[in-house]
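A closer look at the structure
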Amino acid sequence: MRPGTARQSPSQSQPKDLAPQTAARHQTPSAPSPNPGERTPSGDVSSVSFNVNGEEHTLTLDNRTTLLDALRENLKITGPKKGCDHGQCGACTVSVNGRRINACLSLAVMHEGDDVTTIEGIGTPDKLDPMQQAFIDHDGFQCGYCTPGQICSAKAVLEEIRAGIPSHVTADLTSRIEITEDEIRERMSGNICRCGAYANMLAAITEIAETEA
Ligand code: FES
Ligand code: FES
């Protein structure tokens, strides 16, 4: 669900006697913060605690803050990128409790107690993850903007195949799923690359799949 899409007007969501108070709470502040993670009119804030890349964090956030904005704007963890902010490009892909998600589509307050892993938690320049090294070896990027999300997705794709989770192109649902180029392409289709480095990414992911087979 896109943040904000389910928000109803006060007259739709509240009894009439509560409407004036609710409307007041949703007033636009006279001097709004340029920081989306701190875009906090009076009221409607929550405290949330989650673990990011092995570190515990507790934040007090506007309830509308997405996980992506909480990571980037509040925690200054800028590996997850904001491409579309609409769940269309995959640049914001992170892992939550071992499953990949689009961080721009998930509210931060939904993640109490969760374990979040961003590209910073996968590897560092001094200690690259094998998938990161494979992207370098195969020139799996150009500008690099989509790359953190691509690598988070790529690692998840191999784990999903090994866990027997079928995709749209899985022909046989009764047998072990083979890691084929079609399976990788289909499962990576939510990650867009405006530089068009797809063929090289596919080579990188295939190499890791074969190495870890
Ligand atoms: S920024 Fe989240 S999918 Fe594009
Ligand atoms: S490397 Fe530039 S958008 Fe993918």
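Residues numbered from 1 in each chain as written. Chains lettered and ligands numbered in written order. Predicted model: local features only at pLDDT ≥ 70, side-chain atom pairs only at ≥ 80, totals over all residues.

**Describing the overall build of the chain**
What counts is decided by this rule: Secondary structure counts use DSSP, requiring at least four H or I residues in a row for a helix and at least two E residues in a row for a strand, with both numbered from the N terminus. Counting other C-beta atoms within 10 Å of a residue's C-beta gives its exposure: the residue is buried at 20 or more, exposed at 12 or fewer, and partly exposed in between, where C-beta atoms are placed from the backbone. Placing C-beta atoms from the backbone, we regard two residues as in contact once those atoms come within 7 Å.
Summing up its helical and strand segments, the chain has eight helices and five strands in all. Listing the helices and strands of the chain from first to last along the sequence gives α-α-β-β-α-β-β-β-α-α-α-α-α. In the chain, which comprises 213 residues, the proportion classed as buried is 34%. Look at the contacts in the chain between residues 6 or more apart in sequence, and 57% of them connect residues 24 or more apart.

**Observations concerning the sheet that holds strand 3 (residues 93-96)**
Sheet strands associate in pairs through backbone hydrogen bonding, adopting either a parallel or an antiparallel arrangement. Using the following cut-off: A pair of strands is labelled paired if DSSP reports no fewer than 2 bridges between them. Angular values range over 0 to 180 degrees, each being the angle between N-to-C directions of two axes fitted as lines to C-alpha atoms, with helices fitted over their stretch in contact.
Spatial ordering of the open sheet is given by 2-1-5-3-4, a layout of five strands whose pairing is mixed. Every interior strand has two partners, whereas the edge strands, strand 2 (55-62) and strand 4 (99-102), have only one. Taken pair by pair, the neighbouring strands of this sheet meet at an average axis angle of 40 degrees, ignoring direction. As paired strands, strand 1 (residues 45-52) and strand 2 are joined by eight bridges and run antiparallel to one another. Across the sheet, residue Asn51 finds its bridge partner in strand 2, namely Glu56. Across the sheet, helix 6 (residues 147-162) touches strand 3 and strand 4, and the angle it forms with strand 3 is around 45 degrees.

**Considering the confidence of the model for the chain**
Applicable threshold: A score between 0 and 100, pLDDT records how confident the predictor is in each residue.
In the predicted model, the chain carries a mean pLDDT of 86, and 80% of its residues have values of at least 70. Here residues 1-34 is a poorly scored stretch, pLDDT under 50, and it has 27 contacts once near neighbours within four places are set aside; other chains count.

**What to know about helix 6**
Stated precisely, the cut-off is as follows: Each helix should span, by expectation, one fewer than its residue count multiplied by 1.5 Å.
For helix 6, built from 16 residues, the straight-helix expectation of 22 Å at 1.5 Å per residue is met to within 8% by its first-to-last C-alpha distance of 23 Å. Of all 16 residues making up helix 6, twelve are buried, and the element is well covered by its neighbours. Of the residues making up helix 6, those classed as buried are Thr147, Pro148, Gly149, Gln150, Ile151, Cys152, Ser153, Ala154, Lys155, Ala156, Val157 and Ile161. Contacts made by the buried residues of helix 6 are with strand 3, strand 4, helix 4 (119-122), helix 5 (130-137), helix 7 (181-187) and helix 8 (198-211). Positive phi shows up at Gly164, right after helix 6, with a value of about 80 degrees.

**Concerning the pairing of strand 1**
Connecting the antiparallel pair strand 1 and strand 2 is a turn made up of two residues, with Asn53 showing a positive phi of about 50 degrees. In this structure, strand 1 lies alongside strand 5 (residues 115-117), joined through two bridges in parallel fashion. Along strand 5, the bridge assignment pairs Val52 with Val116.

**Some remarks on helix 8**
Stated precisely, the cut-off is as follows: Throughout, the arc means that of the directions going from the helix axis to the C-beta atoms.
Helix length check: helix 8 (14 residues) gives 20 Å between terminal C-alpha atoms against 20 Å at 1.5 Å per residue, within 8%. For helix 8, the full list of buried residues reads Met201, Ala204, Ile205, Ile208 and Ala209. The buried residues of helix 8 occupy an angular sector of 135 degrees when the element is viewed end-on, so they sit on one face. Seen from the open side of helix 8, the exposed residues pointing more than 90 degrees away from its buried face are Ala199, Glu210 and Thr211. On its buried face, helix 8 sits against helix 5, helix 6 and helix 7.

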